[in-house]
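Per-entry structural report
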Amino acid sequence: MRYKYETHSHTSETSKCSKIPGAELARFYKSLGYTGLFITDHFFNGNTIVPRDLEWKERVERFEAGYLAAKAEGDKIGLDVFFGWEYTIGGNDFLIYGLDREWLLANPDQLEWKLRDYMSKARADGALVIHAHPFREAGYIELIRLIPRDVDGVEVINSSMTDEVNARADWYADSYRLLRSAGSDNHVGKRSRLGGVYLPERIKCEADFVQLMKAGQCEIFMDEYDENGMPINKEGNR
């Protein structure tokens, strides 16, 4: 049996660019038969709705709003919801899994750390670090930054990106023998393409996800849907 998970999503409670509240996002994925959902809202150095002039503890509490809303709804409807975040520097994004609010609270100076120091500390403390859409191009991105020795894996399927961008990410993962991950980078709910991972067992916590991913026990996928939200084919499974 396989269990289906979304690994990359954003809520309007926390991410400024998201158009969907956490509870609605949870209901959306439940309607498609997903087992679980990771909320990876933009961190304080990204496109967050959390004011930058708050005390650190209050910032962390505000940051959890979207995740907590999704989890509360998930608990009601039978969808497992997990916590993560998207760390940004110079327009380059990294998904952090396996750390919690206590880690955030214990490191109030983390925005002052250099990129590689941040990744080293997070991974040493048990995080799984996935480089999200590493070859995305946009006007606000100064340069494409690759740090293959400081991440665990690469998001080789991001259903919000073009096939060309994803193919380059796949080349990157293959070149450095990095783990492969997939997700939707979902900010709106219903989409024509959704990506994610199948896991061989139902995870109970973020640490379970980290363990299975590091062991290579995941199958990445991308599904396509018609205008009515009905699946029309599947591609990218491996």
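Reference entry: report on the structure contained in this document.

Cut-offs applied
Residues numbered from 1 in each chain as written. Predicted model: local features only at pLDDT ≥ 70, side-chain atom pairs only at ≥ 80, totals over all residues. Heavy atoms only, no water. Helix = DSSP H or I, 4+ residues; strand = E, 2+ residues; numbered from the N terminus. Rg over C-alpha atoms; globule rule 2.2 N^0.38 Å. Buried < 20%, exposed > 50% of the residue type's maximum accessible area, 1.4 Å probe, protein only. Contact = heavy atoms within 4.5 Å. Areas by Shrake-Rupley, 256 points an atom, 1.4 Å probe, with all protein chains shown as cover. Lys, Arg positive; Asp, Glu negative; His and termini not counted. Charge placed at Lys NZ, Arg CZ, Asp CG, Glu CD. Salt bridge = Lys/Arg side-chain N within 4 Å of Asp/Glu carboxyl O. Axes fitted to C-alpha atoms, helices over the stretch in contact; angles between N-to-C directions. Parallel < 35°, antiparallel > 145°, perpendicular 65-115°, else oblique. Left-handed = near helix turned anticlockwise from the far one by under 90°. Nonpolar A, V, L, I, M, F, W, Y, C, P; charged D, E, K, R; others polar. 1 Å grid on protein atoms, 1.4 Å probe; cavity = no way out; pocket = protein on both sides within 12 Å on 5 of 7 lines; lining within 4 Å. Points joined across faces, edges and corners; volume = space filled by probe spheres on them. Polar contact = N/O pair within 3.5 Å; in protein donor to acceptor, adjacent residues only side chain to side chain. Pairing = 2+ DSSP bridges.

1. A closer look at the overall build of the protein chain
Each helix and strand in the protein chain was counted, giving seven helices and ten strands. The globule rule puts the C-alpha radius of gyration for 238 residues at 18 Å, and the 16 Å found for the protein chain is close to it. Expressed as lengths along the three principal axes of its C-alpha atoms, the size of the protein chain is roughly 45 × 45 × 35 Å. Residues classed as buried in the protein chain amount to 54% of the 238 residues present. Counting only contacts in the protein chain whose residues sit at least 6 apart along the sequence, the fraction spanning at least 24 positions is 70%. When the accessible area of the protein chain is evaluated, it comes to approximately 10700 Å², of which 47% is carbon and sulfur surface. Each charge sign in the protein chain was given a centre, from 31 positive and 39 negative side chains, and these centres are 1 Å apart.

2. Describing the pattern of salt bridges
Taken as a whole and judged by the stated rule, the model has 17 salt bridges. Notably, a salt bridge pairs Arg-193 with Asp-163, separated by 3.0 Å at the nearest N-O pair. Taken together, the positions of Arg-193 in strand 8 (residues 193-199) and Asp-163 in helix 6 (residues 163-176) put the pair 30 residues apart, joining distant regions of the chain. Here the salt bridges do not stand alone but share partners, grouping Glu-64, Arg-101 and Glu-102 into one network.

3. Section: the packing of helix 1 (residues 22-31) against helix 3 (residues 65-77)
Running from N to C, helix 1 and helix 3 cross one another at 40°; their axes reach a closest spacing of 7 Å. In terms of axis orientation, helix 1 runs oblique to helix 3. The two elements helix 1 and helix 3 meet at a crossing, and its hand is right-handed. In this structure, helix 1 uses Gly-22, Ala-23, Ala-26, Arg-27 and Lys-30 to contact helix 3, whose residues at the interface are Gly-66, Ala-69, Ala-70, Glu-73, Gly-74 and Ile-77. Split by residue class, the contact of helix 1 with helix 3 holds five nonpolar, three polar and three charged.

4. Observations concerning empty space enclosed by the protein
In this structure the tally under the stated criterion is one cavity of 30 Å³ or more. Estimates place the volume of the largest cavity at around 50 Å³. Around the largest cavity, the lining residues are Gly-91, Asn-92, Asp-93, His-131, Ala-132, His-133, Pro-134, Arg-136 and Ile-141. Among the elements of the structure, strand 4 (92-97) and strand 5 (128-132) are those that each provide at least two residues to the lining of the largest cavity. Each residue belonging to the lining of the largest cavity can be placed in one class, and the counts come to three nonpolar, four polar and two charged.

5. Digging into the side chain of Asn-92
Position of Asn-92 among the secondary structure elements: in strand 4. There is a polar contact of 2.9 Å between the side chain of Asn-92 and the backbone nitrogen of Arg-145. What Asn-92 contacts, discounting residues up to four positions off in sequence, is Tyr-87, Leu-143, Ile-144 and Arg-145.

6. Describing the pairing of strand 2 (residues 36-42)
Most of strand 2 sits inside the fold, with seven of its seven residues counted as buried. Pairing between strand 2 and strand 3 (residues 80-89): seven bridges, direction parallel. For Phe-38, the partnering residue across the bridge sits in strand 3 and is Phe-82.

7. Things to note about the layout of surface pockets
Taking a probe equal in size to a water molecule and rolling it over the atoms shows the remaining empty space. Put simply, the largest pocket is a space of about 210 Å³. Along the wall of the largest pocket there are 15 residues; nearest its centre are Cys-17, His-42, Asp-93, Arg-136 and Tyr-140. Tallied by class, the residues present in the lining of the largest pocket amount to three nonpolar, eight polar and four charged.

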